[in-house]
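# Examining the three-dimensional arrangement
The lines below spell out each chain.
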8 protein chains.
Amino acid sequence: MNRLQLRALLEEVRSGSLTPEAAQDRLLQFLRQAPFEDLGFARVDHHRNTRQGFPEVVFGQGKTPAQIAAIAQRIADAGQSLLVTRSDQSAYDAILAILPGARFHELARSITWDAGNVPRGRGTIAIAAAGTADLPVAEEAAVTAELMGNTIERIYDVGVAGLHRLLAEHSRLTSARVIIVAAGMEGALPSVVAGLVDVPVVAVPTSIGYGASFGGLTALLAMLNSCAIGVSVVNIDNGFGAAAIASAINHLD
Amino acid sequence: MNRLQLRALLEEVRSGSLTPEAAQDRLLQFLRQAPFEDLGFARVDHHRNTRQGFPEVVFGQGKTPAQIAAIAQRIADAGQSLLVTRSDQSAYDAILAILPGARFHELARSITWDAGNVPRGRGTIAIAAAGTADLPVAEEAAVTAELMGNTIERIYDVGVAGLHRLLAEHSRLTSARVIIVAAGMEGALPSVVAGLVDVPVVAVPTSIGYGASFGGLTALLAMLNSCAIGVSVVNIDNGFGAAAIASAINHLD
Amino acid sequence: MNRLQLRALLEEVRSGSLTPEAAQDRLLQFLRQAPFEDLGFARVDHHRNTRQGFPEVVFGQGKTPAQIAAIAQRIADAGQSLLVTRSDQSAYDAILAILPGARFHELARSITWDAGNVPRGRGTIAIAAAGTADLPVAEEAAVTAELMGNTIERIYDVGVAGLHRLLAEHSRLTSARVIIVAAGMEGALPSVVAGLVDVPVVAVPTSIGYGASFGGLTALLAMLNSCAIGVSVVNIDNGFGAAAIASAINHLD
Amino acid sequence: MNRLQLRALLEEVRSGSLTPEAAQDRLLQFLRQAPFEDLGFARVDHHRNTRQGFPEVVFGQGKTPAQIAAIAQRIADAGQSLLVTRSDQSAYDAILAILPGARFHELARSITWDAGNVPRGRGTIAIAAAGTADLPVAEEAAVTAELMGNTIERIYDVGVAGLHRLLAEHSRLTSARVIIVAAGMEGALPSVVAGLVDVPVVAVPTSIGYGASFGGLTALLAMLNSCAIGVSVVNIDNGFGAAAIASAINHLD
Amino acid sequence: MNRLQLRALLEEVRSGSLTPEAAQDRLLQFLRQAPFEDLGFARVDHHRNTRQGFPEVVFGQGKTPAQIAAIAQRIADAGQSLLVTRSDQSAYDAILAILPGARFHELARSITWDAGNVPRGRGTIAIAAAGTADLPVAEEAAVTAELMGNTIERIYDVGVAGLHRLLAEHSRLTSARVIIVAAGMEGALPSVVAGLVDVPVVAVPTSIGYGASFGGLTALLAMLNSCAIGVSVVNIDNGFGAAAIASAINHLD
Amino acid sequence: MNRLQLRALLEEVRSGSLTPEAAQDRLLQFLRQAPFEDLGFARVDHHRNTRQGFPEVVFGQGKTPAQIAAIAQRIADAGQSLLVTRSDQSAYDAILAILPGARFHELARSITWDAGNVPRGRGTIAIAAAGTADLPVAEEAAVTAELMGNTIERIYDVGVAGLHRLLAEHSRLTSARVIIVAAGMEGALPSVVAGLVDVPVVAVPTSIGYGASFGGLTALLAMLNSCAIGVSVVNIDNGFGAAAIASAINHLD
Amino acid sequence: MNRLQLRALLEEVRSGSLTPEAAQDRLLQFLRQAPFEDLGFARVDHHRNTRQGFPEVVFGQGKTPAQIAAIAQRIADAGQSLLVTRSDQSAYDAILAILPGARFHELARSITWDAGNVPRGRGTIAIAAAGTADLPVAEEAAVTAELMGNTIERIYDVGVAGLHRLLAEHSRLTSARVIIVAAGMEGALPSVVAGLVDVPVVAVPTSIGYGASFGGLTALLAMLNSCAIGVSVVNIDNGFGAAAIASAINHLD
Amino acid sequence: MNRLQLRALLEEVRSGSLTPEAAQDRLLQFLRQAPFEDLGFARVDHHRNTRQGFPEVVFGQGKTPAQIAAIAQRIADAGQSLLVTRSDQSAYDAILAILPGARFHELARSITWDAGNVPRGRGTIAIAAAGTADLPVAEEAAVTAELMGNTIERIYDVGVAGLHRLLAEHSRLTSARVIIVAAGMEGALPSVVAGLVDVPVVAVPTSIGYGASFGGLTALLAMLNSCAIGVSVVNIDNGFGAAAIASAINHLD
């Protein structure tokens, strides 16, 4: 029941074609069963894609190319942007047959199709990565953030064991509106970066490492215990999630 | 060596009273040893308190009232705002003798003294808490965020087992620029809140619970695995840290 | 807005004293802000205490006697049953001044006041405990279940290292409608009990043990891995929770 | 020794063909060695399948198609229902040659053969799942519960990040006699569901997620720490176990 | 029903005063309900104390002196040996009033009273401890083993960082029938000892250590992973349990 | 330097062909550098295989058939028994070419070749296993113990969820001199078995299970926390180690 | 900006062709943005390879032969030594086409190419390994240390369960300047070795073991808790890291 | 048996007063039983204190002042240096009565008495600490290293969130022969320091932090996963151990 239907019902009551009792029954019936989505109001607030042109996101891992292509078809019909994360060439081939403009970002393991209707963020999102092995996660963040309408600065291979590389990027870091930092192993980079800037830092632990890195757990714990102010953390290897948060921050008026 | 000293050195070179060789030696000597702080430039960028009136923060736990009072004295002399977290009445008594305007926030276990020079954030920070036992953490966040110049909306006792209480606060949530969510036990509230809004959500796991809550670890893990978009996480019981991030977001132009 | 208010509004529309436009605005306004609780319908379904006479439960740990007594006062005014878990003598003294009929269950560390309006469960809830050290948890379950209107059978000190004691209670176990089993250390009792009966078994790991019992974690894990069919598990030491589930099962028609 | 043999022995004593001393020896000998099963009594109580038509359950993982088929043959001879969990097409092919009526439930990775002698449960078991990735576990529960004689309501894709989808199913949830809730990642759904109903909720954590989901551990811990009343938990991905418990509850008189 | 009662019943059958039918009913009735303990047979086999003079063991921790004394009274009446572990002086004082011959072993935190009826083990139990901090656990083992009728060899302060001390005790180690080895920190001593002998080694991890010793967990894990043949392990700090096993081995014919 | 060499040296001293100074130098030189093994004494004590006919044990996992065959060749030359654990058919084929009498135990994944010189143990080793999935570990123990000269009683499929099967084996359990118990999942069987007997129980956790069994960790922890007296534990899936301990116990005079 | 450029700038100031104001601006501009590396000073201190001829190290795991060969090409051009760890034959084949003198160390899974310009360490680095399964890690350390200019003593298969083998190597151990000790399972060897010497011991836990070795975690924890003085620890399987530390120690004047 | 006794025995053989057979028996008897310590050779090598004047170290925690004083008395008699770690004022008072020259280092919680016979290390040991809360551990290291004859450079409060403070100490860091780095929380400092120098870095995680710092575990894991070359790690809060290693390195010729 949307605004129009509600109005129609009330008009019927006024005209006498519907008794108040019957109208009450229909309203209660509706309120008990209908999803918020059907109301035509309220739901707008949390429909990110409606308001921000936020892309449809598909977690590609565990899905067949055919399944992913089917979702892409639905996207094509709805004219919305598409993002497939944790994907590969075979999924891309299947999508390309449907969405000729789709792009495959190999390092990011992501497929995108840009509907061109995403509002732009206000500033720049810097994405720092500690080592070259962290790039798949950093690039997942980069591809995501770009599709969400943000300008990106890539600052890669600036691990804390070679501070001069990081310090050389000082001005690019300080000119960003929000910074994503991806690091594995000891996960120290977010602390160092957050000490150099005063904008929010979104830390992404990566599963890079071996032995006592425990698949990224060490980096995750280190980032949660950052001695620097301004660091918040997302799940291990969650480049997409970090980008979504950074984009939300960057789209704030 | 600050700007004035650098300028004086260069003037000496121009006047001929200092040879380029000697000037080079003094510059290199300085660059090798001096802390960035002494340069009088560059450091400004990451001196949060200089730029934002960010308060001096003291982690009170494990410090004696006398130690905390000594720090407060230094704050008083510098004319900067003061925040003492994880503190108590005895520390407050010691501070009050020095800073008559200091306030003790019992539930937040925090002491503040406002120097009145903090720039205001742009919007509102909503602070949601799942249960009454989470209030010390939520209040630490609230007191911190207020001292940092933010307007706060407290939305307490809205745990997921009673959704109607949370849904009743829908409009207050959606009108915030950034939301802090504190929850212990299963830590589900941030996921639900993030599903209702499209602004950044900073999740704070609390150590509330027993048995398999493992001192907040369960809530922490749950928040890191949020199925909702837009949730980043800080350390267990780190109300201060959440507020600092939210304030940084809220102060973005 | 409840049924009566909704009806009144619709009557106003019919009578023409309220235009459909104005009625629509008021309805939308209400739907956006009002808690489900205010609707006067729907919420009834999950108000356990309204329907079942389910007692108000207070987790006493960390609350002062004064705080607990204040809650008790509210209960007294509402004429509802009261249960305070993780409590002690001092809290009981404070409550007794307000609710003369309140009882203190020392072993269960619980205080109860029975409003006498709880519907009776259909069958019997058997509560088995492995050792005498598990009795505080078992008794918390027993006190809770009794207050919720259930008949209880206590089957204590039937640990798996002395099977004959357990087998001697076979008929009492099989005559129950649902069984709560509390055990610490290796947590094996629920598996053995579930192998002897065909009713649901709610397992409660206790924190009894030392060393590699890790505060009940070992018992918890063991119960989750039960090779017997019909075992579900609650949190460590959560006698209350087990009883609430068992009571819900026992109140099913 | 069964009832007949015991009776024969006692007849011999009466007739004098056996002295009381010899009879005592034979009885003691029997009591020391014989399995309960041979007694012909007592065992009935915990033979679930005898009493409830409970199917024979085979954990298919790690067994060859030939091994599974051999068990199926024995089932066919005994005329009992068959359930094979964690199975695949090749096992199904092998079974089909023996049990033509067997069915393969691909999503549930389960094979069933219904002997048609299972008593019906009293009410409905609702099975809620947070996301599409949780469906294999939810379907294992569904297939199991159906084979055990229960009517099922599937309520899928109702994760907590989109509350409206869940709330739209409110009436289906409240009309169930017991609810199974499967969720991975942060495992929040059981808490939210249990807050909406007053029937028992059996929570099944799934291994869906990555990084700090630790193969379902996070969801498991979250469910054990549920702030809602009425939630008990089974092992990770244990759809079968959840269904067995729900069926036991649903078969209570 | 004991042997005498069974015999009486059978005599009644022979005499005709009881029909076989009635006798069968009484026997079945008894078999369904009676605990094995009441049978007067079978139980003998696992009544360790009856056969071996095994002492009654009380885990003193968490029990009041009065409770412990009450148990001691029962022991005194039954003429059985008494062992109280994890105890202290106040419990000893309470026991001494009842059992004048009781002894307090301060380092072992144990109280014993020897009824004098324990059969002797065949050989010697050597008890090795890595450091002086491990002695409370080692002495709990020693006191237990002695009360259980074993001859003890104490080999203390022979940690692996000073091999010569251990090697100097080679002959005492090789002359034992079974060896208990207590060690904390890295828990390496059992591996080294087991490499020097060919008798069973019972390893007891102790909670001695700090930081990454995690309350004995590191020592426990190390012992479970011993590269030496012949090492089995008991719970952290479980000196009693190790002694019980060693005594059982030492009492084998 | 062996006994003969030492004697020769001393003879030289007596004959005057070697001065005491030179003899002293050679002895010190030898003592500093030579391995104990070369001494020809001392080593006897911890050469288990020399004294007990203990087989050479090869951990087959990660070794190529060629490597394993090479070791088998050395065994053949030395006339000692051979045990290869964690092995397969291809390794067996390679060994069979060298040791025609070698046997492959498929379920135990072990290869044996019996040199026929192992002393017999005194009694029987019972090996109990909870489920059929635990048999590979139980059989590894069985094959090992038999090769070490012990008589074995297999008591399989006696999990605690069906107590009657276990109780039916009571007499076989009590007639053993030592019992090995293998179980996965909740690992409860050793506690129940140890409550029925008074001989040592060696518990072997198996990695059988899924989800929160964590590869056998749950069973391991449960066994370490056994409430029954007489249980010691070895590493997960370590059937060989359990058998070696049981054999050592069974070979005690 | 390097020394020459700085000097040129200062000369311009002296000559009057550049005003002090402009010079100040250029200097500040440079100091804000330039990487330390460009300064031409300071960087020397932490360029290990420049000063010590330290080889370029490539972590081979996860890199294609082509990628590794490309790096090798760059090394060949720079005339620096090359070390590829965690590598294999196919990577070696690719490198061999570019660097004919490259060597493949199969057991160490490492490829080296020695530029011949590494300064020699002062003493010997002993590398002890507990078992043959630890050799890949020990050999990675050995190959690394040799390429870094150190003399190596391999002391393998000296696990603590056979002390005589270790003691036989006493003089080789004591003659080393620093000792690397690799061990898996219970990780006890570093403690025993450190008790025999007074030089630094670098402990490397290996992932050798199964069950409760948890991929090397047990060995890691044991080494961190060493009761011997002088043991420090690196990550699991980190033979390279241990060698780098030992080499740094061995190169100290 | 020492060198003199061995020589005397050999002289007896030469003189004929002892037969070779009898000499052989006595030598074998000695070799079997005597501890290495009694040999009078070999042991010298690992008697650190004999060779290096290494102090006697007492772990004060859990020892009474009287016990500690008794050990101090023995030290006084032997003329050796004394170090008591994890101690307090009351222990110091007890020691002062015996060793008037003893000193109490309050921040380090350590007591020292310097016998004045410790050889000096060759260079300087720098001790860096991240925050003021880490100073007790850093000072334990400092006090230990000084008593062991080393020159110390304290570089405190140089956490990675304020890089300029650390970079300002660059020259002091690079002039050290070995560096100890103490840090809690995310434990990032050792990585950053090791990137700036080429000498060995001994990392000490501290238990400073809260929530997900898990008592220093996070810092420990981070340090073990350092991306910088040259970092080895000791146990949490083990300032003493770090100093002993650094001193051993600093005493290398």
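If you're wondering where the values come from, they're calculated on a predicted model, not measured in any experiment.

### Side note on the relation of the copies chain A and chain B
Note: a rotation about an axis with an accompanying shift along it relates these two copies of the chain. Structural alignment of chain A on chain B gives an RMSD of 0.2 Å, achieved by rotating through 180 degrees and translating 0.1 Å along the axis. Taken together, the rotation and translation relating the two chain copies correspond to the operation of a two-fold axis. For chain A, the minimum C-alpha distance to the rotation axis belongs to Val233(A) and amounts to 2.5 Å. Comparing contact sets, 100% of the residues at the interface of chain A also lie at the interface in chain B, consistent with an isologous, same-surface contact.

### Section: the packing of helix α7 (residues 135-147) of chain B against helix α12 (residues 239-250) of chain B
Residues and elements named next belong to chain B. Packing of α7 against α12 brings their axes to within 7 Å, and their N-to-C directions diverge by 40 degrees. Classed by the angle they form, the pair α7 and α12 counts as oblique. Pair α7 / α12 crosses with right-handed handedness. Taken together, the residues of α12 that come into contact with α7 (itself represented by Val137, Glu140, Ala141, Thr144 and Ala145) are Gly239, Phe240 and Ala243.

### Brief notes about the side chain of Asn235(F)
You can see Asn235(F) is positioned in the loop between β9 (231-233) and α13 (239-250). Since its relative accessible area comes to 3%, Asn235(F) is described here as buried. Leaving out residues up to four positions away in the same chain, Asn235(F) has contacts with Leu224(E), Asn225(E), Val204(F), Pro205(F), Tyr210(G), Gly211(G) and Ala212(G).

### Some words on the interface of chain D and chain C
Each partner contributes to the interface: chain D provides 37 residues, whereas chain C provides 37 residues. Interface area, chain D with chain C, both sides summed: about 3,200 Å², of which 60% is carbon and sulfur. Taken together, the links from chain D to chain C amount to zero salt bridges. Along the contact surface separating chain D from chain C lie eight residue pairs in polar contact (both at pLDDT 80 or more). Elements that contribute at least two residues to the side of chain D that touches chain C include exactly α4 (48-52), α9 (170-174), α10 (189-196), α11 (217-224), β9 (231-233) and α12 (239-250) of chain D. Counted by class, the side of chain D that touches chain C contains 21 nonpolar, nine polar and seven charged residues.

### Re the pattern of salt bridges
Taken as a whole, this structure holds 56 salt bridges over all chains when the rule is applied. One salt-bridge network, in which partners are shared between bridges, spans Glu139(A), Glu146(A) and Arg154(A).

### Notes on the relation of the copies chain D and chain C
With an RMSD of 0.3 Å, the operation that places chain D on chain C is a rotation of 180 degrees combined with a shift of 0.2 Å along the axis. Take the interface residues of chain D: 100% of them recur as interface residues in chain C, which is what a same-surface contact looks like.

### Regarding the packing of aromatic side chains
The description of an aromatic ring pair uses the distance of the two centres, along with the angle that the planes make with each other. In the structure shown here, the tally under the stated rule is 16 aromatic pairs over all chains. With a centroid separation of 5.6 Å and 15 degrees between ring planes, the pair formed by Tyr210(C) and Phe59(E) is classed as stacked. With Tyr210(C) in the loop between β8 (201-205) and α11 (217-224) and Phe59(E) in strand β1 (residues 56-59), this pair bridges two chains. A relative accessible area of 19% means that Tyr210(C) is categorised as buried. Here the guanidinium or amino end of Arg86(B) rests over the ring plane of Tyr210(H), the centre of that ring lying 4.4 Å away.

### Let's talk about the confidence of the model for chain A
Residues and elements named next belong to chain A. In this model, chain A carries an average pLDDT of 86, and 88% of its residues clear a pLDDT of 70 or more. Across residues 32-52, confidence stays below pLDDT 50; counting only partners more than four residues off in sequence or on other chains, it has 53 contacts. The complex prediction reports pTM at 0.85, with the ipTM value standing at 0.81.

### A closer look at the sheet that holds strand β1 (residues 56-59) of chain D
All names here are of chain D. Read across the sheet, four strands follow the order β1-β2-β4-β3 without closing on themselves; strand pairing throughout is mixed. The open sheet has two free edges, formed respectively by β1 and β3 (103-105), since each of these has just one partner strand. Across the sheet, the mean angle from the axis of one strand to that of its neighbour is 15 degrees, orientation sign disregarded. Pairing analysis gives four bridges linking β1 to strand β2 (residues 82-85), with the strands arranged parallel. When the bridges of β2 are listed, glutamate 56 appears paired with leucine 82.

### Re the pairing of strand β7 (residues 178-183) of chain E
All names here are of chain E. Of all the six residues making up β7, six are buried; the element is thus mostly covered by neighbouring parts of the structure. On β7, burial covers both faces: Val178, Ile180 and Ala182 on one face and Ile179, Val181 and Ala183 on the other are all buried. Strand direction decides the pairing type here: β7 and strand β8 (residues 201-205), joined by five bridges, are parallel. Across the sheet, residue isoleucine 179 finds its bridge partner in β8, namely valine 201. In this view, the connection linking β7 to its parallel neighbour β8 by way of helix α11 (residues 189-196) has right-handed handedness.

### Some remarks on helix α6 (residues 65-78) of chain H
Residues and elements named next belong to chain H. For α6, built from 14 residues, the straight-helix expectation of 20 Å at 1.5 Å per residue is met to within 8% by its first-to-last C-alpha distance of 20 Å. Elements that come into contact with the buried residues of α6 comprise β1 (56-59), β2 (82-85) and α7 (89-96). Immediately downstream of α6, the backbone of glycine 79 shows phi near 70 degrees, a positive value.

### Remarks on unusual backbone geometry
Generally, phi is negative for residues other than glycine and the peptide bonds are trans, each holding for most cases. Residue and element names in this part refer to chain B. Of note in the backbone geometry, aspartate 157 takes a positive phi value of approximately 60 degrees without being a glycine. Position of aspartate 157 among the secondary structure elements: in the loop between β6 (151-156) and α8 (163-167). According to the relative accessible area criterion, aspartate 157 is partly exposed, its value standing at 33%.

### Things to note about helix α6 (residues 65-78) of chain A
Residues and elements named next belong to chain A. For α6, the set of buried residues is Ile68, Ala69, Ile71, Ala72 and Ile75. Across the axial projection of α6, the buried residues extend over an arc of 160 degrees, all falling on one side. Exposed positions of α6 whose direction lies more than 90 degrees from the buried face are Ala66, Ala70 and Asp77. In this structure, the buried residues of α6 make contact with β1 (56-59), β2 (82-85) and α7 (89-96).

### Considerations on the interface of chain A and chain B
Interface size is commonly expressed as the accessible area that is lost once the parts come together. Counting residues at the interface gives 35 residues for chain A and 35 residues for chain B. Taking both partners together, chain A and chain B bury about 3,200 Å²; carbon and sulfur atoms supply 60% of that area. Run the count over chain A and chain B and you get zero salt bridges. Where chain A touches chain B, the interface holds eight residue pairs in polar contact (both at pLDDT 80 or more). With five residues, helix α13 (residues 239-250) of chain A is the single largest residue contributor to the side of chain A that touches chain B. When grouped by side-chain class, the residues that make up the side of chain A that touches chain B number 19 nonpolar, nine polar and seven charged.

### Some words on the environment of Ala23(C)
Relative to the helices and strands, Ala23(C) resides in helix α2 (residues 20-33). The residues contacting Ala23(C), other than those within four sequence positions of it, are Leu10(A), Leu9(C), Val13(C) and Leu18(C).

### Side note on the pairing of strand β2 (residues 82-85) of chain E
Both faces of the sheet carry side chains from a regular strand, because those side chains alternate between them. Residues and elements named next belong to chain E. Neither face of β2 is open: one carries Leu82 and Val84, the other Leu83 and Thr85, and all of them are buried. What joins β1 to β2 is helix α6 (residues 65-78), and the crossover it makes is right-handed. Here β2 pairs with strand β4 (residues 110-113) via three bridges, running antiparallel. Each residue of the ladder has a partner; that of valine 84, found in β4, is isoleucine 111.

### Here we look at the sheet that holds strand β4 (residues 110-113) of chain F
Residue and element names in this part refer to chain F. Taken in spatial order, the four strands line up as β1-β2-β4-β3 in an open sheet, and their pairing is mixed. In the strand order of this sheet, the two ends are held by β1 (56-59) and β3 (103-105), each with one partner. Averaged over all pairs of adjacent strands, the angle between their axes in this sheet comes to 15 degrees, without regard to strand direction. In this sheet, β4 lies alongside β3 in antiparallel orientation, the contact comprising three bridges. Within β4, the residue paired with phenylalanine 104 across the bridge is isoleucine 111.

Calculation notes
Residues numbered from 1 in each chain as written. Chains lettered and ligands numbered in written order. Predicted model: local features only at pLDDT ≥ 70, side-chain atom pairs only at ≥ 80, totals over all residues. Heavy atoms only, no water. Least-squares fit on C-alpha atoms with pLDDT ≥ 70 in both. Contact = heavy atoms within 4.5 Å. Axes fitted to C-alpha atoms, helices over the stretch in contact; angles between N-to-C directions. Helix = DSSP H or I, 4+ residues; strand = E, 2+ residues; numbered from the N terminus. Parallel < 35°, antiparallel > 145°, perpendicular 65-115°, else oblique. Left-handed = near helix turned anticlockwise from the far one by under 90°. Buried < 20%, exposed > 50% of the residue type's maximum accessible area, 1.4 Å probe, protein only. Buried area = accessible area lost by both parts, 1.4 Å probe. Salt bridge = Lys/Arg side-chain N within 4 Å of Asp/Glu carboxyl O. Polar contact = N/O pair within 3.5 Å; in protein donor to acceptor, adjacent residues only side chain to side chain. Nonpolar A, V, L, I, M, F, W, Y, C, P; charged D, E, K, R; others polar. Phe/Tyr/Trp six-rings, centres within 6.5 Å; stacked < 30°, edge-to-face > 60°. Lys NZ or Arg CZ within 6 Å of the ring centre and 35° of its normal. pLDDT = per-residue confidence, 0-100. Pairing = 2+ DSSP bridges. Right-handed = clockwise from strand over helix to strand, strands pointing away. Expected span 1.5 Å × (residues − 1). Arc of directions from axis to C-beta.

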